[in-house]
Amino acid sequence: MNPAEPSSNFRPGLNGVIATETHLSHVDGQNGNLVIAGYEADNLARHASFEEAAYLLWTGKRPTKEANISFRQSWKETTRSSWTTWSKIEPFIETFQGNIMESIRVYIASLQARDTLKPNKEQWIQDALSITSAFSVGTAAAWRKGQKQTPIPPDPNMDHVSNFLYMLQGEYPTPKAVDALKRYLLTVLDHGLNASTFTARVIAGTRSDLVSTALGAFGALKGPLHGGAPGPVLEMIQEIGTKDRAEPYLRNLLESGNRIMGFGHRIYRVRDPRADILAEAAETFYESENTSSDFYELAMHVERTALQLLAETKPDRSIKTNVEFYTALLLNGIGIPSQLFTPLFAVGRVVGWLAHVMEQLEDPRIIRPDSRYIGPFHGSWLKDSKEKR
Ligand code: COA
């Protein structure tokens, strides 16, 4: 075939190509369902702890009572050693002058990487635990460091989610805040073969180590098209400021050809199920915590107005609220600064990345799609050169 001819196999961006089979999550875009390791995402987010969900994804099983106790124990020990590693790298983090993504990247890069040539699930799970705990310790500590506050060591008696809030905010968090954050983290735990997960699997396919897979995935997540939307959602709501400004502001956005952040999704053609989970979590949180209900009411008004205008201006599309809209609302309520929205996404998604990595390592196969050359053919280098050698 002439390389310049279009090939029926060519799918830009691999759109619609099934590149792997997985036991980890099922994204049903037509019906708006998300299943994580056999459980409805909503059910998991409500009832499982973060540690139980990680155990489920990494082992494929629900932990027994005994397994749960010993897994939590080793999680706490691992969190302690993540802090020790952080303390060693902390002076170096100064260099990044508050750039949170750079600081976390450097800290993760400093973790010990073990090779994966021999199948060793126990070791992989131990490494996955170290990396997962490091994302949490690193995010909280790097943030405080960047704010010229002293980083806070983890409390050995706390679970993963409570500890994150404690290390970040320096106060024991309320059960409602812990539950709201846990629901967020479990909602973003895994989501099919998204860009960062795919990156992690590509790296694992070469039999690289787990630290490298997480670093690569983190790099992919950093891009604004993947992990960066909730920040702009928050800015938009804050910029709108009052209910009466919502309609003119949003109409103006659409008329000038811009998109309303927090709406629409490439895969979900109905409402993003994760938006439902977080909408409920946000409602419960704002009601119970006495947090500024004005902001919540404004956000609800912005959502209603946006949906109305999108239905009016794009009647042939079904553009609904996506996960980022409620992420912004919920995380802002818990008191998480918007600069931490993307790193916090990683604090949850790292569990999914590493589950995919282990799945890839169990059935080792290099991921190597083809490309179609569309450049020129010049013939010999010597022929075109005036100074023939
Ligand atoms: N606001 C306004 N218009 C939107 C829109 C939004 N949020 N989302 C999609 N559209 C419109 C597009 O302008 C386009 O209109 P046109 O056909 O008249 O040109 C049409 O819907 C399809 O857009 P396209 O980008 O092809 O659809 P998609 O389903 O692939 O897009 C997103 C998915 C997420 C990229 C898109 O909805 C978007 O940019 N949303 C805002 C950013 C965001 O919230 N991202 C986080 C996603 S979880």
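Every chain's residues receive numbers from 1 upward, in the order its sequence appears when written. In keeping with the model being predicted, local features are shown solely for residues with a pLDDT of at least 70 and side-chain atom pairs are shown and tallied solely at 80 or more, while totals for entire chains, interfaces and linings include all residues. To obtain the side-chain values, all non-hydrogen atoms of the structure were used and water was disregarded.

**Here we look at the site of the ligand**
Only a single heavy atom is needed: when it lies within 4 Å of a molecule or strand, its residue is near that molecule or strand. Neighbouring the ligand are 17 residues; Arg259, Ile260, Gly262, Phe263 and Arg266 lie closest to it. One of the backbone nitrogen or oxygen atoms of isoleucine 260 is found 2.8 Å away from a nitrogen atom of the ligand. Between histidine 265 and the ligand, the recorded distance is 3.3 Å, taken from a backbone N or O atom to an oxygen atom. When the free accessible area of the ligand is taken as 860 Å², the share hidden by the protein chains comes to 70%. Across the shell around the ligand, the residue classes break down as seven nonpolar, four polar and six charged. Counted as a polar contact is a pair of N or O atoms within 3.5 Å, where, for protein atoms, one must be capable of donating a hydrogen and the other of accepting one, and residues adjacent in sequence contribute only when both atoms are in side chains. The Shrake-Rupley method, run with a 1.4 Å probe sphere, supplies the accessible areas, and residue values consider only the shown protein chains as cover. Throughout, the ten residues Ala, Val, Leu, Ile, Met, Phe, Trp, Tyr, Cys and Pro are labelled nonpolar, Asp, Glu, Lys and Arg are labelled charged, and all others, Gly among them, are labelled polar.

**Side note on the layout of surface pockets**
A pocket, in this scheme, is an open set of points on a 1 Å grid over the protein atoms alone with protein on both sides within 12 Å along at least 5 of 7 lines, while a cavity is a set where a 1.4 Å probe fits but cannot get out; residues line either one if an atom lies within 4 Å of a point. Grid points are joined across faces, edges and corners, and a volume is the space filled by probe spheres set on the points. Considered as a void within the structure, the second largest pocket measures approximately 710 Å³ in volume. Leu14, Val17, Arg368, Pro369 and Asp370 are, among the 27 residues lining the second largest pocket, the residues nearest its centre. Strands here mean DSSP runs of E at least two residues long; helices mean DSSP runs of H or I at least four residues long; both are numbered from the N terminus. For the lining of the second largest pocket, the elements supplying multiple residues, two or more each, are helix H8 (195–205) and helix H15 (341–362). If one sorts the elements of the lining of the second largest pocket by residue count, H15 sits on top with three residues. When grouped by side-chain class, the residues that make up the lining of the second largest pocket number nine nonpolar, eight polar and ten charged.

**Observations concerning a positive patch on the surface**
On the surface, a cluster of positive charge is contributed by Arg259, Arg266, Arg269, Lys314 and Arg317. Among the secondary structure elements, lysine 314 is positioned in the loop between helix H13 (293–313) and helix H14 (323–334). Here, patches come from residues exposed beyond 30% relative accessible area and free of salt bridges, joined within 9 Å for like charges and within 5 Å for nonpolar side chains (Val, Leu, Ile, Met, Phe, Trp, Tyr). The salt bridge criterion pairs a side-chain nitrogen of Lys or Arg with a carboxyl oxygen of Asp or Glu, the two atoms within 4 Å. Under this rule, positive means Lys or Arg and negative means Asp or Glu; His and the chain ends count for nothing. Every charge is mapped to an atom, namely NZ of Lys, CZ of Arg, CG of Asp or CD of Glu.

**Some remarks on the pairing of strand S2 (residues 33–36)**
A regular strand carries its side chains on alternate faces of the sheet. Residues of S2 alternate between two faces, with Leu34 and Ile36 buried on one and Asn33 and Val35 left unburied on the opposite face. In this antiparallel pair of consecutive strands, strand S1 (residues 25–28) and S2, the connection spans four residues, and glycine 32 shows a positive phi of 70°. Strand pairing is assigned whenever DSSP identifies at least 2 bridges connecting the two strands. Examined bridge by bridge, S2 and strand S3 (residues 39–40) share two bridges and lie antiparallel to one another. Looking at S3, one finds that valine 35 is bridged to glutamate 40. Connecting S2 to the antiparallel partner S3 that follows it, the hairpin turn spans two residues, and alanine 37 within it adopts a positive phi of roughly 45°. Classification of residues uses two cut-offs on accessible area relative to the type maximum, computed with a 1.4 Å probe and protein chains only: under 20% is buried, over 50% is exposed, and between them is partly exposed.

**Some words on the domain arrangement of the protein**
Its domain assignment divides the protein into domain 1 (35–173 + 191–223 + 340–361) and domain 2 (230–333). Taking only C-alpha atoms, the centre of domain 1 and the centre of domain 2 are 29 Å apart. In this assembly, domain 1 packs against domain 2 so that about 760 Å² is buried in total across both faces, 71% of it on carbon and sulfur atoms. Accessible area that two parts lose when put together, with a 1.4 Å probe and added across both, is what the buried area reports. Among the residues of domain 1 in contact with domain 2, Arg46, His191 and Phe341 are the three that bury the most area, contributing 67% of the side total. Across the domain 1-domain 2 interface, the total number found is one salt bridge. Ionic pairing is found between arginine 46 and glutamate 280, a salt bridge with its closest N-O pair at 2.6 Å. Linking domain 1 with domain 2 are two residue pairs in polar contact (both at pLDDT 80 or more). Of the residues contributing to the side of domain 1 that touches domain 2, the split by class is four nonpolar, one polar and three charged. An automatic or database domain assignment is the source of the domain bounds shown.

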